[in-house]
Amino acid sequence: MTEGYRLHNRIGFKVTRLARIMEARLEKRLSEHGITRLMWCVLCGVGLENVKTPSTLAEYIGIARPAISRLLKTMEERGLVERTSPNDDKRYTELALTALGHEKLKTCHVIVRDLNDHFAGKIDQRLYEDFMATIDALTEGEKVQLMRL
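Notes on the structure follow.

**Quick look at the nonpolar core**
And step 1. In this structure, Ile35, Val42, Leu57, Ile61, Ile68 and Met75 are the most contacted members of the largest nonpolar core, which totals 30 residues.
And step 2. Going through the elements one at a time, helix H1 (11-31), helix H2 (37-47), helix H3 (54-61), helix H4 (65-77), strand S2 (94-97) and helix H5 (99-120) are the ones with two or more residues in this core.
And step 3. For this core, the leading source of residues is H2, giving 8 residues.
And step 4. Those residues in contact with methionine 75 that lie beyond four places of it in its chain are Met39, Val42, Leu43, Leu80 and Val81.

And the structure:
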């Protein structure tokens, strides 16, 4: 059963290691601006991709609804996002970035782009495109809601 098994040659180990390296670098840089990776995802979703409700934001990021609720509460307390209820209907909430949220989005966008460029620049364009397609193929049909990303 264990013949030929090498932990460091397993796809899960390699993908997890790469993700953790990228995660650590990004978290370090974002933390200098008081932002986490998940907060970045919210800023991006709401500010760049017009995701307006908590449930669609949870789906957009790929995390469970309770996790997005906690995150939005924290971001609202920090003055990054605001929630409004059109027509005073408390069952429906729309999200928007505050001025501070827009400022953090602009600042952190440069950080995220630089990190992506750093890793993408290690391989040629064709290999990068193949890598991205491979990741898409591996995650296709995997409908798992994560508590954290």
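**A short note on unusual backbone geometry**
And step 1. A positive phi angle is found at asparagine 50, which is not glycine, with a value near 60 degrees.
And step 2. Of note, asparagine 50 is situated in the loop between H2 and H3.
And step 3. Asparagine 50 gets classed as exposed once you look at its relative accessible area, which sits at 54%.

**Concerning the pairing of S2**
If a strand is regular, its side chains alternate between the two faces of the sheet.
And step 1. Of the two faces of S2, only one is covered, namely that formed by Leu95 and Leu97; the face formed by Glu94 and Ala96 stays uncovered.
And step 2. Here strand S1 (residues 81-84) pairs with S2 via 4 bridges, running antiparallel. Note on S2: the bridge partner recorded for valine 81 is leucine 97.

**Looking at H4**
And step 1. Its 13 residues give H4 an end-to-end C-alpha distance of 18 Å, which sits within 8% of 18 Å, the value for a rise of 1.5 Å per residue.
And step 2. Listed in full, the buried residues belonging to H4 are Ala67, Ile68, Leu71, Leu72 and Met75. Across the axial projection of H4, the buried residues extend over an arc of 130 degrees, all falling on one side.
And step 3. Residues of H4 that are buried make contact with H2, H3, S1 and S2.
And step 4. With its phi angle positive at about 80 degrees, glycine 79 sits one or two positions after the end of H4.

**A look at the side chain of glutamate 23**
And step 1. As for its position among the elements, glutamate 23 is in helix H1.
And step 2. Its relative accessible area of 16% is what places glutamate 23 among the buried residues.
And step 3. At 3.0 Å, the side chain of glutamate 23 forms a polar contact with the side chain of arginine 20.

**Side note on the pattern of salt bridges**
And step 1. Tallying each qualifying case throughout the model produces 7 salt bridges.
And step 2. With a shortest N-O distance of 3.0 Å, arginine 20 and glutamate 23 are connected by a salt bridge. Pair noted here: arginine 20 and glutamate 23 are both in helix H1, with a separation of 3 residues, about one helical turn.
And step 3. Exposure remark for arginine 20: the relative accessible area of 44% places this residue in the partly exposed category.
And step 4. The salt bridge involving arginine 126 is made with aspartate 130; its shortest N-O contact spans 3.5 Å.

Rules used in this analysis
- Residues numbered from 1 in each chain as written.
- Predicted model: local features only at pLDDT ≥ 70, side-chain atom pairs only at ≥ 80, totals over all residues.
- Heavy atoms only, no water.
- Core = buried A, V, L, I, M, F, W, Y, C linked by side-chain atoms within 4.5 Å.
- Buried < 20%, exposed > 50% of the residue type's maximum accessible area, 1.4 Å probe, protein only.
- Helix = DSSP H or I, 4+ residues; strand = E, 2+ residues; numbered from the N terminus.
- Contact = heavy atoms within 4.5 Å.
- Pairing = 2+ DSSP bridges.
- Expected span 1.5 Å × (residues − 1).
- Arc of directions from axis to C-beta.
- Polar contact = N/O pair within 3.5 Å; in protein donor to acceptor, adjacent residues only side chain to side chain.
- Salt bridge = Lys/Arg side-chain N within 4 Å of Asp/Glu carboxyl O.

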